[in-house]
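# Examination of the molecular architecture
One-letter residues, chain by chain:
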Amino acid sequence: MRILIVEDDLQAADAMERGLTEAGHACARAADGEEGLGAARNGEFDVMIVDRMMPKMNGVQLIETLRREGDQTPVLFLSALGEVGDRVAGLQAGGDDYLVKPYAFAELIARVEALSRRRETGSVQTLLKVGELEMDLIGRTVHRQGKEIDLQPREFQLLEFMMRHAGQSVTRTMLLEKVWEYHFDPQTNVIDVHISRLRSKIDKGFDRPMLQTVRGAGYRLDA
Amino acid sequence: MRLPRIFRTTPFRLTLLFLGLFASAASAFLAYIYVATAGEATRRTEQEITREMRSLVGAYDRAGFDAVNQSVIERAASERSFLYLLMNKDSKRVSGTIEESPVEKFTGQPTWTSFQVTDADLQGHVTRHPARGLQERLSGGEMLFVGADIGEDEAYVEKITRALQGAAALVVILGLAFGALFTRNVTRSMAGLTTVVEAVRNGDLAARARVRGTRDEFDELASGINEMLDRLERSMAGHRHAGDAIAHDLRSPLTRLRARLEAAYLDVEAGKGDPTQALAQALDDTDGVLKTFAAVLAIARLQAAGTAPDPIVFDAGAFAGDMAELYEPLCEDKGLDFAAELGNDLPVRANREFLAQALANILDNAIKYTPSGGAIMLRVRRRSSGEVEFSVTDTGPGVPDADRERVVERFVRLENSRSEPGAGLGLSLVAAVAEAHGGRLELAEGPGKVGEMGPGLRVALVMPRA
């Protein structure tokens, strides 16, 4: 995956580049908004990671400009600002996701990978298929090896999200945000319980577990 | 050149302005009085002269020159007389009280003139009075002049003028005096406030303005400033306390983290052992530190803003239902009986995310502290006051009455809860969220002691009516 990092904090950009490169991605960097605009216009990227506060042209202005020009590359905003209004403003400007500094690196990778997948599955799907697992989005049914699995509505949404991001790590925060639409940080392992319930339904009685726990990151659904 | 201080004060400038305005108004008023009174006196004299002239001309027309001559001689002898001069056809004096006519050029028409008369009293003092007179030609060609001493009128007008001048001087002097007094008063009232402001600027947050109890604007300003300083001082103290508390609370996990990393490093350097376990633990420690940070930041922002950002109106029951759905499995896992009693049609106006965080913190606490086999009840209802109450009741050990206020403070954790994870910010954040929405946090005893259970805790987040 080709990733453009637009970040004026060079140390942070270094760390990001190193981590993303190790995770198998190719990175390009820009040190401020104007440089970022030039790089985005001249290159093809799968995802852009954009810091909100930068000299010359801030992240929001940069993305607004690109979106006006028709550039639809998925954007992950990074910000030291964590207020509710900031995230909303970032998303309204055309950002696709928003991560507050400081963040766990696993969180960054998971979100970047989730964004890239999002573009590939742009068309409307009615059937999701991950290995033996099949989800009918219209009939609201799930089958594994042809056997129907009975899910609660929220479990269905949770599994749908995991299936759309199959093979990728998704973090607990991402699940809370995307499935429950809450943007807070629970003190307890509230997500883990829901995952373990889902796991008992889709993995119990089958020879091979599909829903994996990724240490330090979250969960992953493997085919 | 610098003006003396008093001239630079706003009240004094205002005084001068008002004095100027008042003086103009007074001048116009006095000028009117002058014109009205002084003009009136002269006009009255002229009327009298005219009447006298008509009477004499009437006598002439009825009875002829000799009769008029007789009248002039008689009237000239009376006590308070007019000035008379009767002249024959050759303009020679026939009778009267003056020697010659003061009218220099007589055109034949009745002519008014102003002139001076000299008057000698018994002691021989000669005085000159202003006078006014009318000369007319009689139908036979003789000339009659009637005049009057208007010295008394003039003196009267002069008196009025002098009185008016005095009044004007008085207005200016009194105005300046009152202005100075007013200025001094205001300056003195301001001086206290200025002293306080200066003291605060120099870092003395404990300085307070004196409230004199006069309930005027200055008192209002002084108590306003004092209230502001109280708030500022509390907030500064809060920040200081938070700073200390953060330092205290972060020091131990950071120390732990450092020790773990150091041990792992030494192990790897010595070529023994797998550092994975230590690194994983270090990551967990770091997450804990970051969570504490996030909570402190959220509280600080809410308190700094005073109000919650982006409030929307939504149904409290449905909102709590979503939360219940999120937390119910966790309770079940811990062997807790979870029940929710959610009212209908309870609109609240709030920032959804902060409210979710607050309710989550309350539920987190309840789940954390209630032992297996206990129960947790989430309830949303409208109080008789119209407020909407979110309450979570548990059957855990509860919080002793004496500690209930304290547990809401930042970083306060009761002794028996130190073993549990968490930074002690949960309820502080709930309180901050409640306050930012104009609501409040209430802690009370739960359902009471039943066997091993209880007495429990009832935490209520009370939101104002939407």
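Residues numbered from 1 in each chain as written. Chains lettered and ligands numbered in written order. Predicted model: local features only at pLDDT ≥ 70, side-chain atom pairs only at ≥ 80, totals over all residues.

To continue, consider the overall build of chain A. Helices and strands together make up the secondary structure of chain A, namely eight helices and 12 strands. Taking all 223 residues of chain A together, the buried fraction comes to 39%. If you take every contact in chain A between residues at least 6 apart in sequence, the share linking residues at least 24 apart comes to 58%. (Helix = DSSP H or I, 4+ residues; strand = E, 2+ residues; numbered from the N terminus. Buried ≥ 20, exposed ≤ 12 C-beta atoms within 10 Å, placed from the backbone. Contact = placed C-beta atoms within 7 Å.)

On to the environment of Ala305(B), then. All names here are of chain B. By the element assignment, alanine 305 lies in helix H6 (residues 276-305). Judged by C-beta crowding, with 11 C-beta atoms within 10 Å, alanine 305 ranks as exposed. Between the C-alpha atom of alanine 305 and that of alanine 436, which follows or precedes it by 131 residues, the distance is 7.9 Å.

Moving on, we come to the interface of chain A and chain B. Of the residues lining the interface, 21 residues belong to chain A; the matching set on chain B comes to 27 residues. Taken together, the elements giving at least two residues each to the side of chain A that touches chain B come down to helix H4 (84-92) and helix H8 (190-202) of chain A. Top contributing element to the side of chain A that touches chain B by residue count: H8(A), with four residues. Of the residues in the side of chain A that touches chain B, the class split is nine nonpolar, seven polar and five charged. (Nonpolar A, V, L, I, M, F, W, Y, C, P; charged D, E, K, R; others polar.)

Turning our attention to the environment of Arg379(B). All names here are of chain B. Its place among the elements puts arginine 379 in strand E9 (residues 375-382). Expressed as a C-alpha distance, the spacing of arginine 379 and valine 392, which sit 13 residues apart in the sequence, is 6.4 Å. In this structure, arginine 379 is in contact with Glu341 and Ser391, ignoring residues within four places of it in sequence.

The next thing to look at is unusual backbone geometry. All names here are of chain A. The backbone phi angle of arginine 140 is positive, close to 55°, even though this residue is not glycine. Tracing the sequence through the fold places arginine 140 in the loop between strand E7 (133-136) and strand E8 (141-144). The class for arginine 140 is exposed, based on 11 C-beta atoms found within 10 Å. Notably, glutamate 181 is not glycine yet its phi reads approximately 60°, a positive angle. Residue placement: glutamate 181 occurs in the loop between helix H7 (172-178) and H8.

Another point: the pairing of strand E4 (residues 126-137) of chain B. Direction of pairing for E4(B) relative to strand E5 (residues 143-149) of chain B: antiparallel, over a ladder of seven bridges. Considered in E5(B), the bridge of Ala131(B) is made with Asp149(B). (Pairing = 2+ DSSP bridges.)

Residue and element names in this part refer to chain B. Counting buried positions over the 11 residues of helix H9 (residues 426-436) gives 10, a clear majority of the element. Packed against the buried residues of H9 are H6, helix H8 (352-369), strand E11 (440-445) and strand E12 (457-463). Once H9 finishes, glycine 438 follows within two positions and takes phi at roughly 75°, a positive value.

Our focus in this paragraph is the packing of H6(B) against H9(B). Residues and elements named next belong to chain B. For the pair H6 and H9, interaxial distance at closest approach is 9 Å and the crossing angle is 25°. Relative to H9, the element H6 is oriented roughly parallel. The hand of the H6/H9 crossing is left-handed. Seen from H6, the contacting residues are Ala295, Ala298, Ile299, Leu302, Gln303 and Ala305; seen from H9, they are Ser428, Leu429, Ala432, Val433 and Ala436. Its residues placed into classes, the contact of H6 with H9 shows nine nonpolar, two polar and no charged. (Axes fitted to C-alpha atoms, helices over the stretch in contact; angles between N-to-C directions. Parallel < 35°, antiparallel > 145°, perpendicular 65-115°, else oblique. Left-handed = near helix turned anticlockwise from the far one by under 90°.)

For the rest of this paragraph, the subject is the sheet that holds E7(A). Residues and elements named next belong to chain A. An order of E6-E7-E8-E9 is seen for the four strands of this open sheet, with the pairing classed as antiparallel. On the outer flanks of this sheet lie strand E6 (127-130) and strand E9 (147-149), each paired with one strand and no other. With strand direction ignored, the average angle separating the axes of adjacent strands in the sheet is 25°. Across four bridges, E7 lies against E8 in antiparallel orientation.

Before going further, it helps to examine the sheet that holds E11(B). Residues and elements named next belong to chain B. Spatial ordering of the open sheet is given by E7-E9-E10-E12-E11, a layout of five strands whose pairing is mixed. This sheet does not close on itself; its edge strands, each paired only once, are strand E7 (337-342) and E11. Pairs of neighbouring strands in the sheet enclose a mean axial angle of 15°, with direction left out of account. In the sheet, strand E10 (residues 388-394) pairs with E12 via seven bridges, with the strands oriented antiparallel. Paired with aspartate 394 across the bridge in E12 is leucine 457. Across the sheet, H9 is in contact with E11 and E12; its angle to E11 comes to roughly 130°.

All names here are of chain A. Along strand E4 (residues 75-79), five of the five residues are buried, which leaves the element largely enclosed by surrounding structure. Residue alternation in E4 divides its side chains into two sets, Val75, Phe77 and Ser79 and Leu76 and Leu78, and both sets are buried. Looking at chain direction, strand E3 (residues 47-51) and E4 are connected through four bridges and run parallel. Bridge pairing in E4 places isoleucine 49 opposite leucine 76. Each parallel crossover has a hand, and for E3 linked through helix H3 (residues 59-68) to E4 it is right-handed. (Right-handed = clockwise from strand over helix to strand, strands pointing away.)

Scope: geometric values only; no functional claims are made or implied.
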